[in-house]
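Residues per chain, in single letters:
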Amino acid sequence: SCSSPQAVYSGRVVLWPVDLSVEGYEAVFKNRQIISGTLNSVYYTCVGTMVNLAMTTATAYPLARRTLPGRGFIIKLFVFTMFFSGGMIPNYILLMKLHMLNTRWSLIIPGAISVYNMILMRTFFQNIPEELFDAASIDGCSDFRYLIQIILPLSKPIVAVLALYYAVAHWNSYFNAMMYLTDQKLAPLQLVLRDILVSNTISLSEIADEETMRARQGIAELMKFSLIVISSLPVMVIYPFIQKYFVKGVMLGSIKG
């Protein structure tokens, strides 16, 4: 993404930049929707991740308690949804009936919980000794207080892992936005970048002059790599801060089934 279009198009770029250039980034940031798309993606990622963690925690905790009546049946209902779903058209009709089309909530509420991530968190909670709850209940601690003040502080690794999973999913999502949104002001960054790439490809196909075609194709190649860097950079920046929790959380969450 930092090489000249000619170097990229001719295949001279292997590892280090050749003929340092920022033309790809200049071409991307000429689009005014980049800023609004970035702000929208930050909103969807932050709010969506908080909703995801709240719903996942609220579901995983009671299912981790062995005293919950009908726990096995409820878990089977959740697992059923991992293999069977209503499909794209019924989901669209549902959101339409709920008047959620072309709103920010259409990208947050439908995916408010991942059953796979819920099972990971439930498994982690089950590894915490039941004696902690017995001791807390003797002192008059309620389930809600026990979850907030005891369980969650002990569950930082799995919370960090699931936060990364959910955040990356929200940041990279564009298909739901393409289906449910028509207002460009609500479009996330990934959808904006996709539109830029598609529109640039269409404009290339309309060029008749071969020399101009090659020049524009070089810029198009740079734009592809620039878009990859722009869309990947936030995740790459965040990952080092939660890396210590990531490995620990995954391993502890997979000890028992």
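Re the environment of Val51
Relative to the helices and strands, Val51 resides in helix H3 (residues 33-64). In this structure Val51 comes out as partly exposed when scored by relative accessible area, which is 22%. Here the alpha-carbon distance between Val51 and Ala112, two residues 61 residues apart in the chain, equals 6.3 Å. Among all residues touching Val51, those that are not within four sequence positions of it are Ile108 and Ala112.

Some thoughts on helix H9 (residues 156-172)
Across its 17 residues, H9 extends 24 Å between first and last C-alpha, which sits within 8% of the 24 Å expected from 1.5 Å per residue. All buried positions along H9 are accounted for by Pro157, Ile158, Ala160, Val161, Leu162, Leu164, Tyr166, Ala167, His170 and Trp171.

Here's the deal with the packing of H3 against helix H4 (residues 71-83)
As a packed pair, H3 and H4 sit with axes 10 Å apart at the nearest point and diverge in direction by 145°. Along the contact surface, H3 presents Thr59, Leu63 and Ala64, while H4 presents Arg71, Ile74, Ile75 and Phe78. Its residues assigned to classes, the contact of H3 with H4 shows five nonpolar, one polar and one charged.

Quick notes on the pattern of salt bridges
Under the counting rule described, the total for this entry stands at four salt bridges. One salt bridge in this structure joins Arg12 and Asp19, with 3.5 Å as the shortest N-O distance. On the basis of relative accessibility, which here comes to 45%, the residue Asp19 falls in the partly exposed class. Of the charged contacts, one joins Arg65 and Asp143 as a salt bridge, the two residues approaching to 2.9 Å between their closest N and O atoms. Remark: Asp143 occurs in helix H8 (residues 143-154) and Arg65 occurs in the loop between H3 and H4; sequence separation between them is 78 residues. Under the relative-accessibility criterion, Asp143 is labelled partly exposed at 37%. Among the charged side chains, a salt-bridge network with shared partners connects Arg65, Arg66, Glu130 and Asp143.

Let's talk about the nonpolar core
The biggest cluster of nonpolar side chains holds 24 residues, and the ones touching the most others in it are Val28, Ile34 and Leu193. With five residues, helix H11 (residues 189-205) is the largest single contributor of residues to this core. Excluding residues that lie within four positions of it along the chain, Ile34 makes contacts with Val28, Phe29, Leu189, Val192, Leu193 and Ile196.

Some thoughts on the packing of aromatic side chains
Per the stated rule, a full pass over the model turns up five aromatic pairs. Ring plane angle 55° and centroid distance 6.2 Å describe the contact between Tyr61 and Tyr146, whose orientation is recorded as tilted. Residue Tyr61 is found in helix H3, and its partner Tyr146 is found in helix H8; the two are separated by 85 residues along the sequence. No difference in accessibility class separates Tyr61 from Tyr146, as the two residues are buried. Taken together, a centroid distance of 5.0 Å and an interplanar angle of 70° make the contact between Phe133 and Tyr146 edge-to-face. Of the two residues, Phe133 is situated in helix H7 (residues 130-138) and Tyr146 in helix H8; the sequence distance between them amounts to 13 residues. Overall, the relative accessible area of 3% leaves Tyr146 in the buried class. An aromatic cluster of three or more residues is present, and its members are Tyr61, Phe133 and Tyr146. Taking the ring centre of Phe133 as reference, the NZ or CZ of Arg65 above it sits at 3.8 Å.

Details of unusual backbone geometry
Although it is not a glycine, His99 sits at a positive phi angle of roughly 60°. In this fold, His99 is placed in the loop between helix H5 (88-97) and helix H6 (115-126).

Focus on the side chain of His170
Positionally, His170 belongs in helix H9. Given a relative accessible area of 13%, His170 falls into the buried group. The contacts of His170, once residues within four sequence positions are left out, are Tyr44, Thr45, Gly48, Thr49, Asn52 and Leu107.

Observations concerning the confidence of the model for the protein chain
When the pLDDT values of the protein chain are averaged, the result is 82; 86% of them are 70 or greater. Taken together, the stretch residues 253-257 has pLDDT below 50 and engages in six contacts with residues farther than four places along the chain or on a different chain.

Structural notes on the environment of Val161
Inspection of the secondary structure puts Val161 in helix H9. Residue Val161 is classed as buried on the basis of its relative accessible area, which comes to 1%. Put simply, Val161 and Ile242 are 81 residues apart on the chain and 7.8 Å apart in space, counted from C-alpha to C-alpha.

What counts and what doesn't
- Residues numbered from 1 in each chain as written.
- Predicted model: local features only at pLDDT ≥ 70, side-chain atom pairs only at ≥ 80, totals over all residues.
- Heavy atoms only, no water.
- Helix = DSSP H or I, 4+ residues; strand = E, 2+ residues; numbered from the N terminus.
- Buried < 20%, exposed > 50% of the residue type's maximum accessible area, 1.4 Å probe, protein only.
- Contact = heavy atoms within 4.5 Å.
- Expected span 1.5 Å × (residues − 1).
- Axes fitted to C-alpha atoms, helices over the stretch in contact; angles between N-to-C directions.
- Nonpolar A, V, L, I, M, F, W, Y, C, P; charged D, E, K, R; others polar.
- Salt bridge = Lys/Arg side-chain N within 4 Å of Asp/Glu carboxyl O.
- Core = buried A, V, L, I, M, F, W, Y, C linked by side-chain atoms within 4.5 Å.
- Phe/Tyr/Trp six-rings, centres within 6.5 Å; stacked < 30°, edge-to-face > 60°.
- Lys NZ or Arg CZ within 6 Å of the ring centre and 35° of its normal.
- pLDDT = per-residue confidence, 0-100.

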